[in-house]
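Read off the chains here:
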Protein chains: 2
Amino acid sequence: MTNALDLPTLGRAARAAARQLARLSTDQKNAALHAIADALSTHQTAIMAANATDLAAARESGMNAALLDRLSLEGRLSGIAADVRSVAALPDPIGEVIDSTVLPNGMQLEKRRTPLGVIGVIYEARPNVTVDVASLALKTGNAVILRGGKETIHSNRALVGVLQGALAACGLPAEAVQFIDSPDRQYVAELLRLDRYVDMIIPRGGAGLHEFCRQNSTIPVITGGIGICHLYVDASADQAASLEVIYNAKTQRPSVCNALDTLLVNSQIAADFLPRMAARLRQGGVTFRADPRALSILNPQGDAPDVQAAVESDWDTEWLSLILGVRVVDTLDEALDHIAAHSTAHSDGILTANTAHAQRFVEEVDSAAVYVNASTRFTDGGQFGLGAEVAVSTQKLHGRGPMGLRELTTYKWIGRGSYHVRA
Amino acid sequence: MTNALDLPTLGRAARAAARQLARLSTDQKNAALHAIADALSTHQTAIMAANATDLAAARESGMNAALLDRLSLEGRLSGIAADVRSVAALPDPIGEVIDSTVLPNGMQLEKRRTPLGVIGVIYEARPNVTVDVASLALKTGNAVILRGGKETIHSNRALVGVLQGALAACGLPAEAVQFIDSPDRQYVAELLRLDRYVDMIIPRGGAGLHEFCRQNSTIPVITGGIGICHLYVDASADQAASLEVIYNAKTQRPSVCNALDTLLVNSQIAADFLPRMAARLRQGGVTFRADPRALSILNPQGDAPDVQAAVESDWDTEWLSLILGVRVVDTLDEALDHIAAHSTAHSDGILTANTAHAQRFVEEVDSAAVYVNASTRFTDGGQFGLGAEVAVSTQKLHGRGPMGLRELTTYKWIGRGSYHVRA
């Protein structure tokens, strides 16, 4: 299993499998998804044994509890199988005619949705992602090349074996799900340059992984997942209701990309609102990094241990924890400028009763998701009703924000003529 | 003018201008486009003088006639101005609500079309592209950073000056049209890594430029423009009509990406059809590279000077000239396999009366444009009714095939709630 891998061979096999997948009917794909869900149950013992091997090694190496929890499949396999069945139940975007027209010369032209082909996915030590991504790809007729975190290699080997077996049992090419069966990081770099066979790279992980992919890939990369998210509390906001939105955005799941990072508060209400805000957020264990004006309100005596003076880099930090940056601004424009300078264009919102301010905020904030009187936590494929989410993109090409099944597709133009020539 | 350029400064200015452009109404953008068209006339003398300087230098350096023709603005300026007015007349895609829904929790969600932001365009010595791209970008609320061929630097400097002047006269930011005013190639490499400020790179040029961009860019690149295009003549095809389609695809404009490169002919009709095909295409001055079976039909005595034996690399060559690869295949599957192996996924077609074969071809050929009984030459934004074309993409993300105004846009998600929190 630790032999040198030949990525071009693996890519070529994935490409060949993709050609076959592109021709499958929705029923064939759904049957394979149900076969995969069944196989996850049938092979539960082997999968859990492989996962136990990974967990033991991870514990030995001192992995922290949060990461161990993400690595563990304990009690989760039936949920993962249920998710696969949910993907089967989603509408199939492939084959959809997006546009059709008859040109003045009589030629029929249509734009039809097709699979992308081969998708490379690079992720951390979360074996559930292996099944999740493979099933979304299969539903959209795409082959995948998976590269999960090295700590989960036994789990992934077992899971991919089950997936491939289920595909083969349905008469589909096992090569549709490829797996880089090596912890060696050189293969990540190699995968990123396999542009001959791979159509899209999805990194799922931290800022470092996204940056590495962008710097080194010759294949289009869906970058995202990094959210420095803002809420601006306008002078006209319903303050009591705003407290609950801020509390939700900051504390409901602080470790994720759509959690709140920086709160901007209009100076007209700061003296009144900031102490109420701090009192509410302290209930969730939040601590604060405040600009000078916010500091003078939240920590006038300098004796509040949970309010520190913000440094400039704090505004460019995705906290992923119970820390909140707080800044007082005099105007909507000042809030817009702060967001333009520091947002990662993921999710930003305004809390206001002023329609004109809401409108300007919506028009001018150039982020994947822009909210009026709502929590940033809504930026999510499930919340948006996409039925699935393969990534949250913060770039602007192809897909922006939550990417569902449709964002795993492309289209082709089909021209049907009667021996038409161009004049 | 030959001072060192500071690309980050230029990028920052473009980004700031883009924020302003994003807020313009359609009327404001159209007024600016008409002002640009007017200014091109007003400043005709200065523009033509600058172009004459470029032409003189190019002649001195021995530039060939075809390239000189592309470089020259002689007699073309009013046409270019008319094209700008045509862009003003096109519908504005910005602001279009692509999708809208009310989520089960009552939050309103919409997907609204917005500008991309800043677009970098790298192109050859064609000054008309400078105005063309700038006007399409302005119509879609995007700023551009232009990098034209070094042979056209005086023309581009003059044109960009006129464009910037017209923008400023309309009260719009002149920095919306940025120009890399240096022939130094290091700036191309620098532009490709300006990911902090640039959202998309469009290379317009040959395979070498596209490959350079893909290898060196940290910004999403629209690769394309390279077409190894195929037509497959099925046994059931109307042969007389097919001759005209092939003639059109090969000879109408052999130097462009949607011109025919390889003809695949079913073996059942090859003995009859190939000589007729050769006779017809010789009228256009076409010469042939034939596989052994085609060679035995087209050049049985070995005395036809315009029919050579094809070598393997010929199937991977975009001819851009009056050369045609010819190969005999026994089945549709063999044709599909050849296309899968050698097509650049630009434009491929089948000539057939067999509906099942047409259907399989359309389903299985994974190219940006797939034709049934039509010339590959139709792959073009104008022909497809897009009203404009900024590039022809052969990659699968974002835009595929001819890219019009819509492909210069992205979208944002807008959520409007009543202080909604995520449960």
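Refer to the structure printed above.
About the criteria used
Residues numbered from 1 in each chain as written. Chains lettered and ligands numbered in written order. Predicted model: local features only at pLDDT ≥ 70, side-chain atom pairs only at ≥ 80, totals over all residues. Heavy atoms only, no water. Pairing = 2+ DSSP bridges. Helix = DSSP H or I, 4+ residues; strand = E, 2+ residues; numbered from the N terminus. Axes fitted to C-alpha atoms, helices over the stretch in contact; angles between N-to-C directions. Contact = heavy atoms within 4.5 Å. Disulfide = S-S within 2.5 Å. Buried < 20%, exposed > 50% of the residue type's maximum accessible area, 1.4 Å probe, protein only. Buried area = accessible area lost by both parts, 1.4 Å probe. Salt bridge = Lys/Arg side-chain N within 4 Å of Asp/Glu carboxyl O. Polar contact = N/O pair within 3.5 Å; in protein donor to acceptor, adjacent residues only side chain to side chain. Nonpolar A, V, L, I, M, F, W, Y, C, P; charged D, E, K, R; others polar.

So, on to the sheet that holds strand β13 (residues 369–374) of chain A. Reading across from one edge, β10(A)-β9(A)-β11(A)-β8(A)-β7(A)-β12(A)-β13(A)-β16(B)-β2(B)-β1(B) is the order of the 10 strands in this open sheet, with mixed pairing throughout. The two strands at the open ends of the sheet, each matched to only one other strand, are β10 (307–309) of chain A together with β1 (97–102) of chain B. Taken over all neighbouring pairs, the strand axes of this sheet differ in orientation by 20° on average, direction set aside. Of the pairings in the sheet, the one linking strand β7 (residues 229–233) of chain A to strand β12 (residues 347–351) of chain A comprises 4 bridges and is parallel in character. Bridging across to β12 of chain A, Leu231 of chain A finds its partner in Gly349 of chain A. Each of β7, β8 (260–266), β9 (287–290), β10 and β11 (323–329) of chain A is contacted by helix α11 (residues 267–282) of chain A, which is oriented at about 145° to β8 of chain A, the strand it contacts most.

This part covers the environment of Tyr247 of chain B. Residue and element names in this part refer to chain B. Mapped onto the elements of the fold, Tyr247 is located in helix α10 (residues 239–251). A sequence separation of 36 residues divides Tyr247 from Gln283, and the C-alpha atoms of the two residues are 9.1 Å apart. When near neighbours in sequence (up to four residues on either side) are disregarded, Tyr247 contacts Gln252, Arg280, Leu281, Gln283 and Gly284.

Moving on, we get to the state of the cysteines. Simply put, the disulfide is a covalent bond whose two ends are the sulfur atoms of two cysteines. All names here are of chain A. If you walk through the whole model with that rule in mind, you get 0 disulfides over all chains. Of all cysteine sulfurs, the one in Cys257 lies closest to Cys229, which takes part in no disulfide; the gap is 7.0 Å. Relative accessible area serves as the criterion here: at 0%, Cys229 is assigned to the buried category.

This part covers the interface of chain A and chain B. Of the residues lining the interface, 83 residues belong to chain A; the matching set on chain B comes to 83 residues. For the pair chain A and chain B, the summed buried surface comes to about 6,700 Å²; carbon and sulfur atoms form 48% of the total. Counting the surface chain A buries against chain B, the share from its top three residues, Trp413, Tyr419 and Arg422 of chain A, is 15%. Connecting chain A to chain B are 12 salt bridges. For Lys396 of chain B, the salt bridge identified is with Asp199 of chain A, shortest N-O distance 3.7 Å. On inspection of chain A and its partner chain B, the count reaches 49 residue pairs in polar contact (both at pLDDT 80 or more). Ranked by residues supplied to the side of chain A that touches chain B, first place goes to strand β16 (residues 409–420) of chain A with 11 residues. Partitioning the side of chain A that touches chain B into residue classes produces 33 nonpolar, 25 polar and 25 charged. The sheet contact formed by β16 of chain A and strand β13 (residues 369–374) of chain B spans 5 bridges and is parallel. The residue bridging Trp413 of chain A from the neighbouring strand is Ala369 of chain B, located in β13 of chain B.

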